[in-house]
Amino acid sequence: MGLTIEEVRHIALLARLRLTPEEEERYTEQLSAILEHAARLKEVDTSHIPPTATVLPLRAPLRPDEPRPSTPHKQILANAPQVKEGMFRVPPVLDVEP
Amino acid sequence: MDEYEAVIGLETHIQLNTNSKIFCGCKADSWEDPPNRNICPICTGLPGVLPVLNRTVVEKAVLLAAAMHAESIQPLSYLARKNYFYPDLPKGYQISQYDEPLARGGYFDVPLTEGATRRVRIEKVHIEEDAGKTIRKNDRRLIDFNRCGVPLVEAVTSPDLRSADEVAKYLIRLRQLVRWIGISEGDMEKGQLRCDANISIRPAGSEELNTKTEIKNLNSIDAARTAVQAEIGRQIEETSAGRAIHTWTLNWDEESETLTKMRSKETEADYRYFREPDLLPIRLEESWREEILAALPELPLDRRARFVEEYKLPEYDAEILTDERSLSRFFEETIGKYGGAAKTVSNWMMNDVLRLIRERGVHAGDLQLRPHHLAEIIRLLDDKKITTNVAKELLDKVQDSGRSPRSIVEEEGLAQVSDESALRTLAEQVLVDNPEQVETYKGGKTTVIGWFVGQVMKQSKGKANPQMVRQIFEDLLVD
Ligand SMILES: [Zn+2]
């Protein structure tokens, strides 16, 4: 089950990675090998085993609906490359065709 | 264009009115706060943090699912990651639900005109987190994360709506429902109720499902109606001209009232959904479920039907009285205290109590005027202790003071005056003071008697027994 180079380009786009033509070639090979390796799991007969989403006890801990103080906004905004009017300034989003 | 019918399905996002966000303790309601005040490492997606699910979010979503008659409220449901990059989504994914939502199946009835009802099937109800807000200022894009992590419940319908008007009606009823069961304020202007619409058309009466388009970001009932109408029109035009409909994603621009094609968004597979590894499954045991559902009130349409049945109210009255839950409760409690005709109470509610509610800008449940006050006022009127004018004034006086109607009547001397000799004196004076109107009356225009009665009512500050005053004038004017 090899990947095509188009699929690799699409995945790179979704991950917002810019690949060189050489990288596209190389990752097509590598990702195909990884997929093939993982596909071996399909050889195990699991028809009598119920699907398992987690091996931990099946119960999310829940939190009471009580507000707690938030982090001082200056502290969080300190991580922003650029701040404007108390907000994170970001570059314009380029709409890209996946 | 009658030969086509529209086929519309809606995805509605409802912001839950919890105190805190879905996965962290930040305050959920930021309406009056400056940007980025209610944020923390969890809701801004800093590395190394772990989300913890808010119990109330599950409870409110279960209430909605039950109110939409869910076929199955799942004892076990899972959270999932929806992966995409957008600046207002700091984690690079949204925590949502996918293959195992909180609830599946169900329906929501939307009354149409003349007793018809559109039963809209519900495919699923699930919980997820809201994203932040992108604010465009000139060429700049600024991000406010206050909304990030605010709990949403999403209800997805089957393609069962047939017109833009039905879409609007669905949203109006949904807003009524979420307020009624207390899970959201449903204020579209504040973005608490938003919807995406999937639209296709087909020859009327056929069962086929054709290529659909999706309109995103419908943030008001008017916008939803106008945008859906425009898209139906466009599809009919295209199809009639022999052109194909393409699976576009459209954006509704509220200012210019136009649809623009969005650059094609990711397809479902591109979101690479997988089970959220940072959160364990939601387990809804029978006992918890029962505890939640014990709080589910009688639903608006059921109550409306019962009002017609039990109190013999006209449909019109029942509809208005069940518009809002505390109003319907106010009505029933007044009937309980009053014991007289339900229609009498209904008239007082629809005319005078609703006026008071509108003027004061509150819900019925927040009035200082309580059902036992209204019952007492109607009783006083029935017993001819006060006039209708005084009864209406009493509503405001009780609302302002919180005192009992009876004591206000006593203290302010508002009891109806039925002392015939006193009223006769007043009436005689009115005739003496207004010879012109007397001439008019004698000239044959007998309706002027109403004006005479009005003068006495005015002089008695509304307390004179109007029937008696009329009688007196009829006697006096004959002579
Ligand atoms: Zn937070």
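Cut-offs and rules
- Residues numbered from 1 in each chain as written.
- Chains lettered and ligands numbered in written order.
- Predicted model: local features only at pLDDT ≥ 70, side-chain atom pairs only at ≥ 80, totals over all residues.
- Helix = DSSP H or I, 4+ residues; strand = E, 2+ residues; numbered from the N terminus.
- Buried ≥ 20, exposed ≤ 12 C-beta atoms within 10 Å, placed from the backbone.
- Rg over C-alpha atoms; globule rule 2.2 N^0.38 Å.
- Contact = placed C-beta atoms within 7 Å.
- Domains from an automatic or database assignment.
- Nonpolar A, V, L, I, M, F, W, Y, C, P; charged D, E, K, R; others polar.
- Pairing = 2+ DSSP bridges.
- Core = buried A, V, L, I, M, F, W, Y, C linked by C-beta atoms within 7 Å.
- Axes fitted to C-alpha atoms, helices over the stretch in contact; angles between N-to-C directions.
- Parallel < 35°, antiparallel > 145°, perpendicular 65-115°, else oblique.

The next thing to look at is the overall build of chain A. Looking only at helices and strands, one finds three helices and three strands in chain A. In sequence order, the secondary structure elements of chain A are arranged as α-α-β-α-β-β. Expressed as a percentage of the 98 residues in chain A, the buried residues total 8%.

All right, on to the overall build of chain B then. Scanning chain B from N- to C-terminus turns up 15 helices and 18 strands. Expected size for 479 residues packed as a compact globule is a radius of gyration near 23 Å; at 30 Å, chain B overshoots this value by more than 25%. Judged by the C-alpha coordinates and their principal axes, chain B covers about 95 × 55 × 50 Å. Expressed as a percentage of its 479 residues, the buried residues of chain B come to 40%. Within chain B, contacts between residues separated by at least 24 positions form 70% of all contacts whose residues are at least 6 apart in sequence.

With that settled, consider unusual backbone geometry. Residues and elements named next belong to chain B. Here the phi dihedral of Lys 384 falls at roughly 60°; this positive angle occurs in a residue that is not glycine. Within the secondary structure layout, Lys 384 lies in the loop between α9 (371-382) and α10 (388-401). Looking at Lys 384, the number of C-beta atoms within 10 Å reads 13, which means it is partly exposed.

So, on to the domain arrangement of chain B. Interfaces are often sized by the accessible area lost when the parts come together. All names here are of chain B. Each assigned domain of chain B is listed with its residue range as follows: domain 1 (4-293), domain 2 (300-412) and domain 3 (420-478). The distance between the C-alpha centroids of domain 1 and domain 2 comes to 38 Å. Contacts between the two partners involve four residues from domain 1 and, on the opposite side, four residues from domain 2. In terms of residue count, the dominant contributor to the side of domain 1 that touches domain 2 is helix α2 (residues 164-180) (three residues). Each residue belonging to the side of domain 1 that touches domain 2 can be placed in one class, and the counts come to two nonpolar, one polar and one charged.

A few words on the sheet that holds strand β5 (residues 80-83) of chain B. Residue and element names in this part refer to chain B. Overall, antiparallel pairing links the three strands, which are arranged β6-β5-β17 in an open sheet. Edge strands, defined here as strands with exactly one partner in the open sheet, are β6 (93-96) and β17 (274-275). Here β5 runs beside β17; their pairing, made up of two bridges, is antiparallel. In the strand pairing of β17, Arg 81 is matched with Phe 274.

Right, let's talk about the sheet that holds strand β11 (residues 140-144) of chain B for a bit. One open sheet accounts for four strands, arranged β2(A)-β3(A)-β11(B)-β10(B); its pairing is antiparallel. This sheet does not close on itself; its edge strands, each paired only once, are β2 (83-84) of chain A together with β10 (133-137) of chain B. By the bridge criterion, three bridges tie strand β3 (residues 87-90) of chain A to β11(B) in an arrangement that is antiparallel. Looking at β11(B), one finds that A:Arg89 is bridged to B:Leu142.

Every contact between the two is made by 33 residues of chain A and, on the other side, 40 residues of chain B. It is β3(A) that provides the largest number of residues to the side of chain A that touches chain B, a total of four residues. For the side of chain A that touches chain B, the residue count by class is 17 nonpolar, five polar and 11 charged.

Residues and elements named next belong to chain B. Mapped onto the elements of the fold, Pro 159 is located in the loop between β12 (151-157) and α2. Accessibility expressed as a C-beta count within 10 Å gives 18 for Pro 159, which makes it partly exposed. With 50 residues separating them along the chain, Pro 159 and Leu 209 place their C-alpha atoms 9.0 Å apart. With residues up to four places along the chain from it excluded, the contact list for Pro 159 reads Val 7, Ile 8, Gly 9, Asn 198 and Leu 209.

This paragraph deals with the nonpolar core. All names here are of chain B. Residues Leu 64, Ala 65, Val 125 and Val 167 are the most contacted members of the largest nonpolar core, which totals 81 residues. If we skip the residues at most four places from it in the chain, Ala 65 touches Ala 70, Ile 73, Leu 102, Ala 103, Gly 106 and Val 125. Listed in part, the 32 residues of the second largest apolar core include Leu 313, Trp 348, Leu 374 and Leu 395.

The subject of this paragraph is the packing of helix α1 (residues 5-14) of chain A against helix α2 (residues 21-39) of chain A. All names here are of chain A. Running from amino to carboxyl end, α1 crosses α2 at an angle of 100°, the nearest separation of the two axes being 9 Å. In terms of orientation, α1 lies roughly perpendicular with respect to α2. Residues Ile 5, Val 8 and Arg 9 of α1 lie in contact with α2, whose contacting residues are Glu 24, Tyr 27, Thr 28 and Leu 31. Considered class by class, the residues forming the contact of α1 with α2 number four nonpolar, one polar and two charged.

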